[in-house]
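Notes for the structure review
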Amino acid sequence: MDEYYMGLALEEAKKAKALGETPVGAVLVKDGEILAKAHNLREKEQQATAHAEILVIQQGNKALNSWRLTDTVLYVTMEPCAMCGGAMIQSRIDRLVFGAFDPKGGVCGSMFNLFEQEGLNHKVAVSGGILEEACGTILTEFFQELRKAKKEGKSIEKTAENHQ
């Protein structure tokens, strides 16, 4: 089932890419039911916290009418950053499943492992590398296009529009 839900998260990542956003998507699941889906909107919203994981947590809070997201699984296409990892702990998510590793910002072992820190008030079980190649490819392609667009003096949004 992890691959199925990660595939849905990849669909969200594609939506982000089409907007010129870093292509990261997330899906929140409880008892086999999708509570929320989201993708990065940091550029569009001009909000530092508009990461896919934060947005899907907020939607999940609304769906359950609770800040506690117990018995949920969060699927995200890229290894979370410290902000998102902290939000997962604070919201009591039971399990995190991610796709691509992030050597520059990931906190599930790439830079350090936030979820194995002693003394935390909640433990999140972590599984990484699910559909890793597909999740990594969309990110690699996006950043290649971004570098090319910058070199040519274009914005990534214009580049994304050309692909639609």
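The structure we're discussing is the one just above.
To keep things clear, this report deals only with the structure shown in the data block. (Residues numbered from 1 in each chain as written. Predicted model: local features only at pLDDT ≥ 70, side-chain atom pairs only at ≥ 80, totals over all residues. Heavy atoms only, no water.)

1. Concerning the overall build of the protein
Looking only at helices and strands, one finds six helices and five strands in the protein. In the protein, the succession of α and β elements from N to C terminus is α-β-β-α-α-β-α-β-β-α-α. Computed over the C-alpha atoms, the radius of gyration of the protein is 15 Å, within 12% of the 15 Å expected from 2.2 N^0.38 for a compact globule of 164 residues. Viewed in the frame of its principal axes, the protein has a C-alpha envelope of about 50 × 30 × 30 Å. Buried positions account for 47% of the 164 residues belonging to the protein. For the protein, long-range pairs separated by at least 24 residues make up 58% of all intrachain contacts whose partners lie at least 6 apart in sequence. When the accessible surface of the protein is split by element, carbon and sulfur atoms take 50% of a total near 8,600 Å². (Helix = DSSP H or I, 4+ residues; strand = E, 2+ residues; numbered from the N terminus. Rg over C-alpha atoms; globule rule 2.2 N^0.38 Å. Buried < 20%, exposed > 50% of the residue type's maximum accessible area, 1.4 Å probe, protein only. Contact = heavy atoms within 4.5 Å. Areas by Shrake-Rupley, 256 points an atom, 1.4 Å probe, with all protein chains shown as cover.)

2. As for the pairing of strand 2 (residues 33-39)
Both strand 1 (residues 25-30) and strand 2 contribute to a ladder of six bridges, which runs antiparallel. Bridging from a neighbouring strand, Lys30 pairs with Glu33 of strand 2. The hairpin turn running from strand 1 into strand 2, its antiparallel successor, is two residues long, and Asp31 in that turn takes a positive phi close to 50°. (Pairing = 2+ DSSP bridges.)

3. Notes on helix 1 (residues 2-18)
Every α-helix carries 3.6 residues per turn, so stepping three or four residues along brings you back to the same face. Taking 1.5 Å per residue, 17 residues should reach 24 Å; helix 1 reaches 24 Å between its end C-alpha atoms and fits that length. Once helix 1 ends, the next one or two residues include Gly20, with phi positive near 85°. (Expected span 1.5 Å × (residues − 1).)

4. A look at the nonpolar core
Ranked by size, the top nonpolar core spans 44 residues in total, and within it Leu28, Leu74, Tyr75, Met88, Leu96 and Phe115 carry the most contacts. Elements with a contribution of two residues or more to this core: helix 1, strand 1, strand 2, helix 3 (52-64), strand 3 (72-78), helix 4 (82-90), strand 4 (95-100) and helix 5 (132-151). By residue number, the principal contributor to this core is helix 1, which donates six residues. Among all residues touching Tyr75, those that are not within four sequence positions of it are Asp2, Tyr5, Met6, Ala9, Gly25, Ala26, Val27, Val29, Arg95 and Val97. (Core = buried A, V, L, I, M, F, W, Y, C linked by side-chain atoms within 4.5 Å.)

5. A few points about helix 3
Between its first and last C-alpha, helix 3 extends 18 Å over 13 residues, near the 18 Å set by a 1.5 Å rise per residue. Among all positions of helix 3, only Ala52, Glu53, Ile54, Leu55, Val56, Ile57 and Gly60 are buried. Here the buried face of helix 3 lies against strand 1, strand 2, strand 3 and helix 4. One or two steps after helix 3, the chain reaches Asn65, where phi turns positive at roughly 55°.

6. Structural notes on the environment of Asp2
Along the polypeptide, Asp2 turns up in helix 1. Judged by its relative accessible area of 16%, Asp2 is buried. Separated by 30 residues in the primary sequence, Asp2 and Gly32 place their C-alpha atoms 11 Å from one another. Setting aside residues no more than four positions away along its own chain, Asp2 makes contact with Tyr75, Arg95, Val97 and Ile130. A distance of 2.9 Å separates polar atoms of two side chains, one belonging to Asp2 and the other to Tyr75. (Polar contact = N/O pair within 3.5 Å; in protein donor to acceptor, adjacent residues only side chain to side chain.)

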